[in-house]
Amino acid sequence: MSLQQDIDAASAALEPQIIAWRRDLHAHPELGNREFRTASIVAEHLRSLGFDDVKTGVAHTGVVGLLKGGKPGGVVALRADMDGLPVTEEVELPFASKARAVWNGEEVGVMHACGHDCHVAILMGVASILAGLRDQIPGTVKFIFQPAEEMPPEGEEGGAALMIKEGVLENPTPQAIFGLHVTSRQPAGVIGYRPGPTMASSDKLKITVHGKQTHGAAPWLGVDPIVTSAQIVLGLQTIVSRTLDLNREPAVVTIGAIKGGVRENIIPDSVEMRGTIRSFDEGMRDAIHERITTLAEGISTASRATCKVCITKNYPVTRNDPVLTEQMVPTLTRVASTGPRPMGIEVVPKATGAEDFSFFQRLIPGLFFFVGVTPPDIEPSKAYSNHSPRFVVDERGLEVGVRALAHLAVDYLASTVRA
């Protein structure tokens, strides 16, 4: 109980600094695999706290810190993602981003439109608190500051998958990992969680239909890839609605871009479609991939065209370990019902967004939860969502995130000692 009280007191005292860190990071966002300034700030902070080990340059710009407690125990990991998005900020704030950068060959604005600035500031705060209480901590805490959660630039590796490849879950291996995400879908300070499948897998779809170019006035002299593509787009809508058992899990197949032709009276030679696939079950995920390919190729053949289907698996299903979740819900409940602004906790619906925290969860038990950051005078359903250029954070949610991660780490390590 004394350690819990010490964490709460330290969190309250540190709140102004956490907000200051967040505002500085928000004003200076960096894109995936380019988080040089952010990583430098994080590494300097961890070293100043006397961490036992601080590694930099992990998966390009990632930082991994190791804090050994004063008492024997297990190992737990905490993760925060660091990258911003290629979004031009439209929020009038004194610390609004004016940054610009090049993303996949195009000059873009850069903004922390998903709240990763909050995540970094929160985990820096947790590092300060636990370093100050390290003599009371029963075990070791591994701090993972991860680049490129929003995907690395085309042609580069990055994110959680590359951190794992470079050994982030080794020497020592954590027994569990915790992470959070700020969200506009909940009022500031409310904690949301869900056992089992929580966020969808995310796969990239590209279909190229090849026909035969001809004059638009004489379509019979060619093979029309536009009409063929239209039939494929309509056919794709039946995969989820007519071929999947939706009693198991929901799924989404969306075509978000289609390009073909340069003139109104020319039937082009080819059409390219791009889309996304979301699911909450790995078996359904593979079934969707197979049916997309079969359907697109079948329609193309029937239309005398040909097609090439390319599906790239990006992020797996974010699946909260049910046993770990049940074990740690009392901790989250306690955090949500105490502190300077108690707000509560709720089980949230599945989210069709994706998270590469899922790569960690494939190897060790993990719990990924949400902290609301929507101001109390705004209905969450009407708030600008994450990834919007007008996404706004109520910073009163940050302190809740700090206490949640700090208590989860300490309570979990205490359970390894009792076990």
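Since the structure is predicted, the reported quantities are computational estimates derived from the model, not experimental observations.

What counts, and where the lines are drawn
- Residues numbered from 1 in each chain as written.
- Predicted model: local features only at pLDDT ≥ 70, side-chain atom pairs only at ≥ 80, totals over all residues.
- Heavy atoms only, no water.
- Helix = DSSP H or I, 4+ residues; strand = E, 2+ residues; numbered from the N terminus.
- Buried < 20%, exposed > 50% of the residue type's maximum accessible area, 1.4 Å probe, protein only.
- Contact = heavy atoms within 4.5 Å.
- Areas by Shrake-Rupley, 256 points an atom, 1.4 Å probe, with all protein chains shown as cover.
- UniProt positions renumbered as here; feature names shortened; annotations may be inferred.
- Pairing = 2+ DSSP bridges.
- Axes fitted to C-alpha atoms, helices over the stretch in contact; angles between N-to-C directions.
- Salt bridge = Lys/Arg side-chain N within 4 Å of Asp/Glu carboxyl O.
- Phe/Tyr/Trp six-rings, centres within 6.5 Å; stacked < 30°, edge-to-face > 60°.
- Lys NZ or Arg CZ within 6 Å of the ring centre and 35° of its normal.
- Core = buried A, V, L, I, M, F, W, Y, C linked by side-chain atoms within 4.5 Å.
- Expected span 1.5 Å × (residues − 1).
- Arc of directions from axis to C-beta.
- Polar contact = N/O pair within 3.5 Å; in protein donor to acceptor, adjacent residues only side chain to side chain.

## Some remarks on the overall build of the protein chain
Next, step 1: Check the secondary structure of the protein chain and you find nine helices and 18 strands.
Next, step 2: Viewed in the frame of its principal axes, the protein chain has a C-alpha envelope of about 80 × 45 × 45 Å.
Next, step 3: For the protein chain, the residues scored as buried account for 55% of the 419 residues in total.
Next, step 4: When contacts within the protein chain are restricted to residue pairs at least 6 apart in sequence, those whose partners lie at least 24 apart make up 82%.
Next, step 5: When the accessible area of the protein chain is evaluated, it comes to approximately 17700 Å², of which 53% is carbon and sulfur surface.

## Focus on the UniProt feature "domain: Peptidase M20 dimerisation" (unreviewed entry) in the protein chain
Next, step 1: Following the UniProt record, the feature "domain: Peptidase M20 dimerisation" (unreviewed entry) maps to residues 204-297 here.
Next, step 2: Within residues 204-297, the helical portion is 37% and the strand portion 32%, while the C-alpha atoms at the span's ends are 18 Å from each other.

## Considering the sheet that holds strand 10 (residues 201-210)
Next, step 1: Within the open sheet, the four strands sit side by side as 12-14-10-15. Their pairing is antiparallel. The open sheet has two free edges, formed respectively by strand 12 (251-259) and strand 15 (306-315), since each of these has just one partner strand. Within this sheet the neighbouring strands show an average axis-to-axis angle of 20°, counted without direction.
Next, step 2: With ten bridges joining them, strand 10 and strand 14 (residues 270-279) adopt antiparallel strand pairing. Across the sheet, the residue bridging to His210 is Ser270, located in strand 14.
Next, step 3: Its contacts with the sheet place helix 5 (residues 225-243) against strand 10, strand 12 and strand 14, and it is angled at close to 165° to strand 12.

## A word on the pattern of salt bridges
Next, step 1: Applying the stated criterion to the full structure yields 24 salt bridges.
Next, step 2: Among the ionic pairs, Glu395 bridges to Arg23, the shortest N-O distance being 2.8 Å. Taken as a pair, Glu395 in the loop between strand 18 (366-374) and helix 9 (396-418) and Arg23 in helix 1 (residues 2-27) lie far apart in primary sequence, 372 residues in all.
Next, step 3: The shortest N-O distance in the salt bridge between Lys313 and Asp286 comes to 2.9 Å. In this pair, Lys313 is assigned in strand 15 and Asp286 in helix 6 (residues 282-302), connecting sequence segments 27 residues apart.
Next, step 4: Under the relative-accessibility criterion, Asp286 is labelled partly exposed at 41%.

## Section: the packing of aromatic side chains
Next, step 1: Taken as a whole and judged by the stated rule, the model has six aromatic pairs.
Next, step 2: Each ring, one from Phe51 and one from Phe143, has its centre 5.2 Å from the other, and the planes form 65°; the classification is edge-to-face. Separated by 92 residues along the polypeptide, Phe51 in the loop between helix 2 (36-48) and strand 1 (53-58) and Phe143 in strand 6 (residues 138-146) bring together distant segments of the chain.
Next, step 3: Judged by its relative accessible area of 9%, Phe51 falls in the buried class.
Next, step 4: On the numbers, 6.0 Å between centres and 70° between planes, the contact of Phe357 with Phe360 is edge-to-face. Of this pair, Phe357 and Phe360 both sit in helix 8 (residues 357-361), three residues apart, which is roughly one turn of that helix. Of the two residues examined, Phe357 and Phe360, each falls in the buried class.
Next, step 5: By the ring-pair criterion, three or more aromatic residues cluster together here, those being Phe357, Phe360, Phe368 and Phe370.
Next, step 6: Positioned above the aromatic ring of Tyr384, the side-chain terminus of Arg390 is 5.8 Å from the ring centre.

## Some words on the nonpolar core
Next, step 1: Val126, Leu130, Phe143, Phe145, Phe178 and Phe369 are the most contacted members of the largest nonpolar core, which totals 69 residues.
Next, step 2: Those residues in contact with Phe178 that sit more than four places away from it in its chain are Val76, Ala77, Leu78, Arg79, Leu324, Met328, Phe357, Leu367, Leu405, Leu408 and Tyr412.
Next, step 3: Residues Val223, Ala296, Ile299 and Ala305 belong to the second largest nonpolar core, which totals 22 residues.

## Describing helix 2
Next, step 1: The end-to-end C-alpha separation of helix 2 is 18 Å, in line with the 18 Å expected for 13 residues at 1.5 Å each.
Next, step 2: Turning to helix 2, its buried residues number three or more, namely Thr38, Ala39, Val42, Ala43, His45 and Leu46. The arc enclosing the buried residues of helix 2, seen along the axis, measures out at 160°, which places them on a common side. In helix 2, the exposed positions angled more than 90 degrees off the buried face are occupied by Phe36, Glu44 and Ser48.
Next, step 3: Contact partners of the buried residues in helix 2: helix 1, strand 1, strand 2 (62-68), helix 3 (116-132) and strand 6.
Next, step 4: Residue Gly50 follows helix 2 closely and has a positive phi angle near 80°.

## A short note on the side chain of Thr331
Next, step 1: Tracing the backbone shows Thr331 in helix 7 (residues 322-337).
Next, step 2: The class for Thr331 is buried, based on a relative accessible area of 5%.
Next, step 3: For Thr331, the side chain forms a polar contact with the side chain of Asp411, separated by 2.7 Å.
Next, step 4: What Thr331 contacts, discounting residues up to four positions off in sequence, is His407, Leu408 and Asp411.

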